[in-house]
Amino acid sequence: MIRAVGGIRRRIARILLRQPTDAIERAARRFSMGDPNDRARLSRLGSAFLSGYHTMLDADSVEAGFSGLTGIPAYERPFWAEGAAMALPARSYFDRSVSPVVFGATLDRYVSGFLYLGYVGLGFWFGFRHPRAPSRIKRDLAPWLDPLYLPLCYDGWGFKLGFFDWPARPGVVRRLDRCPQEYRSAAWQGFGRALYFVLRDDEARFAALATDDQQAYDLESGRSLALAFTRVDQPDAIARHLDAAEDERRLEARLVGTAWALTARYRGDRDYLEECLGGLAEPWRARLSSLPETTLAAERRAVSYSDWRERTARDAVARIRR
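Here goes a summary of the coordinates provided. Fair warning: this is a prediction, and the values are worked out from it, not measured in the lab.

Core analysis: the biggest nonpolar cluster contains 111 residues, and F191 and F197 have the highest contact counts within it. Excluding residues within four positions of it along the chain, F191 makes contact with G158, F159, L161, G162, W166, V173, L176, L209 and L219.

Pasting the structure below:
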């Protein structure tokens, strides 16, 4: 009887925790995105993200859930992994083997190549569960996660705010100020990632959002991260985006986002990244190909997330200027 009751609870929890299969398309109705190809790409990656989430939610175990990753095409695989990671906190409502204590170890074990995406996915969940209280990330996760990557959870929280909440209620942007100061730039970066989709065709509104130079930098870094990550199969678009930077500060912000995007791709599937960049003309092929190693070297030397970011910015600019 006890097992039966437990099974019923699990089934109910899974039903309540499911996301609508058209959640991405519904959100995108408010986006300034006129190109049908852009919308098709967004639908493609959104489907992969939700597939990862629901696969992990429905699986008999965490191991079984992550095993689904092997059948996902290379382009969509990181989004699937991020969605599966977002489901870990959801599973904790009915699976006693899952809790914040083991989130980091679980990601290391099953999706180490997508570790950055995993941390972002955890923060994405907190964006749904605690949309008005980003400080809950620090309270609930900081004791158990690698401090170098913890800010990526705030990036995920900021993305959820920008993608799902802000288009209908622009005033929610003020919630970013509730993030602990040491994680605020990461949250703004995540918000900027979302705006790559939300304001795809509205450059003026994007430019008007920042109230200071740091916010402008974070937004630009985030937007560039999203562009490079989602259009890795169109590297000429990445090169044009970097070439179009109006000044050194804008170029640096774009390079940081680009470097982190390509590094995440490199860690997840080096061969796929090399294939994508292979057709790019020089000197951009060499420049972009060098960014993952540059970023990983900066990561190895970094003492904090902000230090990692600053080292990446400095070294990436030096690479591009050679």
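For the rest of this paragraph, the subject is the side chain of T106. Locating T106 in the fold gives a position in helix α6 (residues 100–110). In this structure T106 comes out as buried when scored by relative accessible area, which is 13%. Filtering out sequence-adjacent residues up to four positions away, T106 remains in contact with V62, F66, L88 and V111.

The next point concerns the pattern of salt bridges. Applying the stated criterion across every chain yields a total of 26 salt bridges. The closest approach of N and O atoms between E220 and R250, which form a salt bridge, is 3.5 Å. Note that E220 is positioned in helix α12 (residues 213–230) and R250 in helix α14 (residues 248–268), a separation of 30 residues in sequence. Note that R314 and D315 form a salt bridge whose closest N and O atoms lie 3.7 Å from each other. By sharing partners, the salt bridges in this structure join E203, E220, R223, E246, R250 and R254 into a single network.

What follows is about a nonpolar patch on the surface. Side chains of I8, I12 and L16 sit close together on the surface and give an oily, nonpolar patch of about 310 Å² of accessible area. Along the chain, L16 falls in helix α1 (residues 2–17). What makes L16 exposed here is its relative accessible area of 68%.

The subject of this paragraph is α14. Compared with the 30 Å implied by 1.5 Å per residue over 21 residues, the 30 Å span of α14 between its first and last C-alpha is a close match. Regarding α14, its N-cap is D247, as a side-chain oxygen of that residue lies 3.2 Å from the backbone nitrogen of R249 further along.

Moving on, we get to the packing of aromatic side chains. The tally for this structure, following the rule as stated, stands at 25 aromatic pairs. Residues W188 and F191 carry aromatic rings whose centres are separated by 5.8 Å and whose planes lie at 70° to one another, so their mutual orientation is edge-to-face. Here W188 pairs with F191, and both are found in helix α10 (residues 184–198), just 3 residues apart, close to one helical turn. Under the relative-accessibility criterion, W188 is labelled buried at 5%. Feature note: the residues F31, F49, F124, F128, F159, F163, F164, Y196 and F197 constitute an aromatic cluster, connected by ring pairs. Over the ring of F229 we find R265, and its NZ or CZ is 4.3 Å from the ring centre.

The rules we used
- Counting starts from 1 at the beginning of each chain's written sequence and moves along it residue by residue.
- Totals for whole chains, interfaces and linings use every residue, but because this is a predicted model, local features are given only for residues with pLDDT of at least 70 and side-chain atom pairs only at 80 or more, for both listing and counting.
- The basis for every side-chain value is the complete set of heavy atoms in the structure, and neither hydrogens nor water enter the calculation.
- Only buried residues count toward a nonpolar core, which is a set of Ala, Val, Leu, Ile, Met, Phe, Trp, Tyr and Cys residues joined through side-chain atoms within 4.5 Å.
- Three labels apply to residues, based on accessible area from a 1.4 Å probe with only protein chains included: buried if under 20% of the type maximum, exposed if over 50%, partly exposed otherwise in between.
- The criterion used for residue contact is that any of the two residues' heavy atoms lie within 4.5 Å.
- For the purposes of this entry, the term helix denotes a DSSP run of H or I that reaches at least four residues, the term strand denotes a run of E that reaches at least two, and both are numbered from the N terminus.
- The salt bridge criterion pairs a side-chain nitrogen of Lys or Arg with a carboxyl oxygen of Asp or Glu, the two atoms within 4 Å.
- Exposure above 30% relative accessible area and no salt bridge define the residues that can form patches, which grow by joining like charges within 9 Å and nonpolar side chains of Val, Leu, Ile, Met, Phe, Trp and Tyr within 5 Å.
- Residue burial considers only the protein chains on display, and all accessible areas are found by Shrake-Rupley using a 1.4 Å probe.
- One less than the residue count of a helix, multiplied by 1.5 Å, gives the span that helix is expected to have.
- Two N or O atoms count as a polar contact when they lie within 3.5 Å, although within protein this holds only if one can serve as hydrogen donor and the other as acceptor, and sequence-adjacent residues are included solely when both atoms are side-chain atoms.
- Two rings from Phe, Tyr or Trp (for Trp, the six-membered ring) form a pair when their centres sit within 6.5 Å of each other. Planes less than 30 degrees apart are called stacked, planes more than 60 degrees apart edge-to-face, and all others tilted.
- Each ring is checked for a lysine NZ or an arginine CZ that lies within 6 Å of its centre and within 35 degrees of its normal; such an atom marks a charge sitting over the ring.

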